[in-house]
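A look at the structure
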Amino acid sequence: MSQAFQIAALAGDGIGPEVMSEAIKVLRAVEKKFGLTLKITEAPVGWAGIDAAGKALPDATLALCKQSDAVLFGSVGLPDRDPTIPKEERPERAALLRLRKEFGLFANLRPVVLSKALAHACPLQPERQGDGIDILVVRELTGGMYFGQPKLTENLEAGGKRAIDTMVYTTAEIERIAHVGFRAARLRHKKLTSIDKANVLENGVLWRDVVTRVAKEYPDVALEHMFVDNGAMQLMLKPTQFDVMLCENMFGDILSDEAAALAGSLGMLPSASLGQTTGERTFGVYEPAGGTAPDIAGKNLANPIAQIASAGLMLEYSFGLSDAANAVHKAIAKVIGDGLRTGDIYIAQDAKARKVGTREMGDAIAAAVSV
Ligand code: IPM
Ligand code: MG
């Protein structure tokens, strides 16, 4: 019998459905080529969930996720509609952050790779790109200011309001994400830059202490500490100095977008959100790091690569199918090498570049998987 895997595909809002279709197209090509059985079940989330079942994360969708080996997630939230409902019910909090917390997905891996073929799309001068950029942002995903309590807005007697978010980390939370970072660095170029704000934040001091202690278990990995503001600057000045960047939740959110710009576009950035491995399989939610981009939704303009590459990460991390994952990543590289470009990575000066739509990009990647 062929290996069988159950996937929950939650496309969500905006460009979610159209990039999800392309990712499923590519997964079907992988299934055929590698003789697998991928049971892909689609379910609504985000505004699609609210419209279908009254909630951003409908009970049936959550149940489906629980039964599945992995979740392929699109994107959620629509800025025009979000303000019409209480903030706790909005898709980002009620679906995405809830899923992360519900499944304990504390480790978010965001690989940022600028290939030679996309050098034109990188905003940095060629001499700053060196031999190419290859960074793994390891972002803590279930702690920090995103989830710390109290989190509220209150009215002040004197008039006006006061908003409170709480940044909180425990030793154990920092330790487990640090281990993920060091293990990843070990398999890469053996350098880990730990990002913090230890000059101002209590959290930063604890972060630095714990990471320094965990580093002793990884003597083969070079550890460096960097303040987050400097990290943001160094990404622009000399991105080639980084291998693994280890960040708390919010710093990782911000720096991964900045790093994605170096890779040409947010439309190129996949991500894997993983919890603790239990038994053989690692459950994960795989999603592009970009948003719903409602301005280009439904126009066949969106770049499906982040979604497709997220499916590639799923094959690797949750299903342990390195060959299949490599086939996806190679197919993406081939199609980029051939000059196919969605609008976000298209530069007219690049003589080789040919502008294509979402569907043509997906078709080409699926075809490249199949050969
Ligand atoms: C991301 C996104 C989310 C985050 C939003 C949509 C809640 O920006 O995955 O980076 O801030 O984590
Ligand atoms: Mg973000």
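Here is a short report on the structure shown in this document. (Residues numbered from 1 in each chain as written. Chains lettered and ligands numbered in written order. Predicted model: local features only at pLDDT ≥ 70, side-chain atom pairs only at ≥ 80, totals over all residues. Heavy atoms only, no water.)

1. Re the sheet that holds strand 8 (residues 191-196)
Ordered by their spatial adjacency, ten strands build an open sheet running 2-1-3-12-11-4-5-10-8-9, and the pairing between neighbours is mixed. Here the strands that pair on one side only, and so sit at the sheet edges, are strand 2 (37-42) and strand 9 (222-227). On average, each strand axis in the sheet is tilted by 25° relative to the strand beside it, whichever way the strands run. Where strand 1 (residues 4-12) meets strand 3 (residues 70-75), five bridges bridge the pair, whose relative direction is parallel. What sits directly across from A9, in strand 3, is L72. Across the sheet, helix 8 (residues 228-237) touches strand 5 (133-140), strand 8, strand 9 and strand 10 (244-247), and the angle it forms with strand 9 is around 105°. (Pairing = 2+ DSSP bridges. Helix = DSSP H or I, 4+ residues; strand = E, 2+ residues; numbered from the N terminus. Axes fitted to C-alpha atoms, helices over the stretch in contact; angles between N-to-C directions. Contact = heavy atoms within 4.5 Å.)

2. Describing the nonpolar core
Formed by 91 residues in total, the largest nonpolar core has its most connected members in L27, L72, F182, L315, F319 and I365. Composition of this core by domain shows at least three residues from each of domain 1 (1-109 + 265-371) and domain 2 (123-262). Residues within four places of L27 in sequence aside, it is in contact with I7, L38, I40, L72, A311, M314 and L315. In terms of nonpolar packing, the next biggest core, distinct from the first, is built from 23 residues, L10, V45, A94 and F283 among them. (Core = buried A, V, L, I, M, F, W, Y, C linked by side-chain atoms within 4.5 Å. Buried < 20%, exposed > 50% of the residue type's maximum accessible area, 1.4 Å probe, protein only. Domains from an automatic or database assignment.)

3. Looking at the site of ligand 1
Within the structure, ligand 1 sits among E92, L96, R100, R110, R139, Y146 and D253. Measuring from an oxygen atom of ligand 1, one finds a side-chain N or O atom of R110 at 2.8 Å. The contact in question runs from an oxygen atom of ligand 1 to an N or O atom on the side chain of D253, over 2.9 Å. Contact with the protein chains covers 77% of the free accessible surface of ligand 1, which is 320 Å². Per-element tally for the shell around ligand 1: the top contributor is helix 4 (residues 91-102), with three residues. Among the residues forming the shell around ligand 1, the class breakdown is two nonpolar, no polar and five charged. Built from parts of two domains, the shell around ligand 1 gets at least three residues from each of domain 1 (1-109 + 265-371) and domain 2 (123-262). (Near = heavy atom within 4 Å. Polar contact = N/O pair within 3.5 Å; in protein donor to acceptor, adjacent residues only side chain to side chain. Areas by Shrake-Rupley, 256 points an atom, 1.4 Å probe, with all protein chains shown as cover. Nonpolar A, V, L, I, M, F, W, Y, C, P; charged D, E, K, R; others polar.)

4. Some words on the pairing of strand 10
Neither face of strand 10 is exposed, since V244 and L246 on one face and M245 and C247 on the opposite face are all buried. Judged from the four bridges that link them, strand 5 and strand 10 form a sheet pairing that is parallel. Along strand 10, the bridge assignment pairs V138 with L246. Examined bridge by bridge, strand 8 and strand 10 share three bridges and lie parallel to one another. Note that in strand 10 the partner of S194 across the bridge is L246.

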